Amino acid sequence: MSVESWHNATKMLTSRIVIFLCRAKYEYFGLTKEIKAPYFIIGNHNTVFDAFLVGFGLSEAIRYVTSDLYFRNKLVAFLAKKGGCIPKAKFVSDVSVIKTLVKCVKDEKAVGIFPEGYRNWDGFTDELLPGTAKLVKLLKVPVVVVTTQGGYLSMPRWGQHHRRGPMTLTYRLTLTAKEITQLSVAEIERVLACALAHDDNDAQRIRPIPYPGRKLAQRLELILYCCPHCGKFETMISENDIFRCSACDYRVKYDKFGFLNPIEPFPFYYDTPHQWREFCKKSMRNFLSSSERDIVLFERKIDLYRESGKRGKFKKTDSGTVRLYYDRFELKGECANNVFLFKDIKGLTLSKRNMIDFYYQKVKYRFDPCSKTLSATMWEDTFRILSGNTD
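Only a predicted model underlies this, so the values are computations on that prediction, with no experimental measurement involved.

**Q** Tell me about the nonpolar core, residues and numbers included.
**A** In terms of nonpolar packing, the biggest core is built from 53 residues, with L220, W276, F329, F340, I345, F358 and F367 touching the most fellow members. If one sorts the elements of this core by residue count, helix α10 (residues 273–290) sits on top with five residues. Listed in part, the 23 residues of the second largest apolar core include I86, C104, I113 and I180.

Now the structure itself:
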């Protein structure tokens, strides 16, 4: 079965169900859903259904560049290949992926990426992956940018439960083939950044729409790891709709519109998770700049996994305490001790909610914390600050 036949069958069997469950609707500017390939789809990434929802809004099949994690399970890998997905390790350059995209375009197929490189945490479009504009320049086909309003509010990555609310996918013909040949890479990058810029909470300030659900604040500590009242790290705790600090008892309430509301007698600091998360990053930079160089910055108990073969399953190899220093991770395990120098780590990223994946000496490893409430984003932020990699 061809990718096109698979796309049509999947669309016929599942599109109505997924669109109904996500309460999705579609808007088009400068194009129709029958736009003819080749073209390049670029979108912001908020939900686990983004690739399906974007594809359902167009008549032709899209060959997406997809995380290689989906190819580690035989069934999921089979389905991904049938759908024409192109596997790529996150934050690791891969020439073969570019060659595949070029071939797809030459064969007059539609291709797509989510250039943030991951499903974002707070509904605010992150910086685009380096090289996105160069890829647009190389492919020389029309670029369609898709932004999704309400995706984060419906399915926040940090959240324990989904919420009931609408999603709107907006398609815009952002660059034509002629415009791409006339613009420089830097100019294309600015156009893409502007077209993809999005904050789910902005629209909520103008026209609030409720996104009710269960335990709305549950697991906010996965991304908000510093208390704005006392400044301590990893003291925040979520309890249903309440988010509080175990050290100073500062607390706020997360409401059905996606905003944080103050609880007396405490002062008010931030009304969205994005604003609070930016504060966490700034606090971490200040902490690291004033700390001694040879101390243990943070530590936690984890299970260590290692991939078995290229895109093979992860296998547990050890358990123990991993310590984060200025230039390395050190694992004191039950079976062995391991040191992972930052300068030799490639492609560090977060998997699911709080697992840390990275390549070390061409082998992929995973830190799986024993506690599901510990913030992996804190360790990712720390690593990027210390390694000088702020992508």
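**Q** If you had to explain the sheet that holds strand β1 (residues 24–29) to someone new, which residues and values would you point to?
**A** Consider a sheet: its strands pair through backbone hydrogen bonds, and that pairing is either parallel or antiparallel. One open sheet accounts for seven strands, arranged β1-β7-β6-β2-β5-β3-β4; its pairing is mixed. Lying at the two open borders of the sheet, with one neighbouring strand each, are β1 and β4 (86–88). In this sheet, neighbouring strand axes are inclined to one another by 25° on average, regardless of whether the strands run parallel or antiparallel. Here strand β3 (residues 62–67) runs beside strand β5 (residues 110–113); their pairing, made up of three bridges, is parallel. Among the inter-strand pairings, I62 is bridged to a residue of β5, identified as A110. Across the sheet, helix α1 (residues 3–22) lies against β1, β3 and β7 (167–175), angled at about 120° from β1, the strand it touches most.

**Q** An account of a nonpolar patch on the surface is needed here, citing residue identities and associated values.
**A** Taken together, the side chains of I17, F20 and L21 define a hydrophobic patch exposed on the protein surface, amounting to about 390 Å² of accessible area. As for its placement among the helices and strands, L21 is situated in helix α1.

**Q** Before we move on, can you summarise the sheet that holds strand β8 (residues 236–239) with the specific residues and values?
**A** Read across the open sheet, the four strands follow the order β8-β9-β10-β11; overall the sheet is antiparallel. The outermost strands of the open sheet, each flanked by one partner alone, are β8 and β11 (260–262). On average, adjacent strands in this sheet sit at an angle of 30° to one another, irrespective of strand direction. Relative to β11, strand β10 (residues 251–254) runs antiparallel, the two being bridged by three bridges. Following the sheet pairing, K253 is matched in β11 by N261.

**Q** Hey, could you go over the pairing of strand β18 (residues 363–369) for me, with residue numbers and the actual values?
**A** Extensive coverage of β18 is indicated by the burial of seven of its seven residues. With burial as the criterion, each face of β18 is covered, one bearing V363, Y365, F367 and P369 and the other bearing K364, R366 and D368. Strand direction decides the pairing type here: strand β12 (residues 298–307) and β18, joined by five bridges, are antiparallel. Pairing of L304 across the sheet is with F367, part of β18. Inspection of the sheet shows strand β17 (residues 355–360) paired to β18 by five bridges, in the antiparallel sense. By the bridge assignment for β18, I356 is matched with F367. Connecting β17 to the next strand, β18, in antiparallel fashion are two residues, including Q361 with a positive phi near 50°.

**Q** Please give an account of the packing of α10 against helix α11 (residues 376–387) that cites residues and values.
**A** Two numbers describe how α10 lies on α11: the axes approach to 10 Å, and their chain directions differ by 50°. Here α11 runs oblique to α10, going by the angle between their axes. As for how α10 packs across α11, the hand of that crossing is right-handed. On α11, the residues touching R277, K281, M284, R285 and L288 of α10 are T377, M378, D381, T382, I385 and L386.

**Q** Describe unusual backbone geometry, naming the residues involved and giving the relevant values.
**A** For the bond from A37 to P38, the omega torsion is 10°, close enough to zero to count as cis. Among the structural elements, P38 can be located in the loop between β1 and β2 (40–43). For the bond running from E264 to P265, omega is 10°, close enough to zero to count as cis. On the secondary structure map, P265 appears in the loop between β11 and α10. In the Ramachandran plot, R23 falls in the positive-phi region, its phi being about 50° despite a non-glycine side chain. Turning to its location among the elements, R23 is positioned in the loop between α1 and β1. R23 gets classed as partly exposed once you look at its relative accessible area, which sits at 47%. Phi at E234 is positive, roughly 55°, even though this residue is not glycine. By relative accessible area, E234 is classed as partly exposed at 33%.

**Q** Kindly report on the packing of helix α5 (residues 132–139) against helix α8 (residues 185–196), identifying the contributing residues and their values.
**A** Between α5 and α8, the least distance of the axes is 8 Å, while the angle of their chain directions is 110°. Comparing the axis directions of α5 and α8 gives the class roughly perpendicular. The element α5 and its partner α8 pack so that their crossing is right-handed. Along its contact with α5, which presents T132, A133, K134, V136 and K137, the element α8 presents V185, I188, E189 and L192. Considered class by class, the residues forming the contact of α5 with α8 number five nonpolar, one polar and three charged.

**Q** Which residues make up the packing of aromatic side chains, and what values do they have?
**A** For the structure shown, the criterion picks out 27 aromatic pairs. Judged by centre distance (5.1 Å) and plane angle (85°), the ring pair of F342 and F383 falls under edge-to-face. Residue F342 is located in the loop between β15 (337–341) and β16 (345–351), and its partner F383 is located in helix α11; the two are separated by 41 residues in the primary sequence. Judged on exposure class, the residue F342 and its partner F383 are both buried. Here the aromatic cluster, defined as three or more aromatic residues joined through ring pairs, consists of F329, F340, F342, F358, Y360, Y365, F367, W379 and F383. Looking at R328, its charged tip hangs above the ring of Y325, at a distance of 3.9 Å from the centre.

The rules we used
Residues numbered from 1 in each chain as written. Predicted model: local features only at pLDDT ≥ 70, side-chain atom pairs only at ≥ 80, totals over all residues. Heavy atoms only, no water. Core = buried A, V, L, I, M, F, W, Y, C linked by side-chain atoms within 4.5 Å. Buried < 20%, exposed > 50% of the residue type's maximum accessible area, 1.4 Å probe, protein only. Helix = DSSP H or I, 4+ residues; strand = E, 2+ residues; numbered from the N terminus. Pairing = 2+ DSSP bridges. Axes fitted to C-alpha atoms, helices over the stretch in contact; angles between N-to-C directions. Contact = heavy atoms within 4.5 Å. Patch = residues over 30% accessible without salt bridge, like charges linked within 9 Å, V, L, I, M, F, W, Y side chains within 5 Å. Areas by Shrake-Rupley, 256 points an atom, 1.4 Å probe, with all protein chains shown as cover. Salt bridge = Lys/Arg side-chain N within 4 Å of Asp/Glu carboxyl O. Parallel < 35°, antiparallel > 145°, perpendicular 65-115°, else oblique. Left-handed = near helix turned anticlockwise from the far one by under 90°. Nonpolar A, V, L, I, M, F, W, Y, C, P; charged D, E, K, R; others polar. Phe/Tyr/Trp six-rings, centres within 6.5 Å; stacked < 30°, edge-to-face > 60°. Lys NZ or Arg CZ within 6 Å of the ring centre and 35° of its normal.

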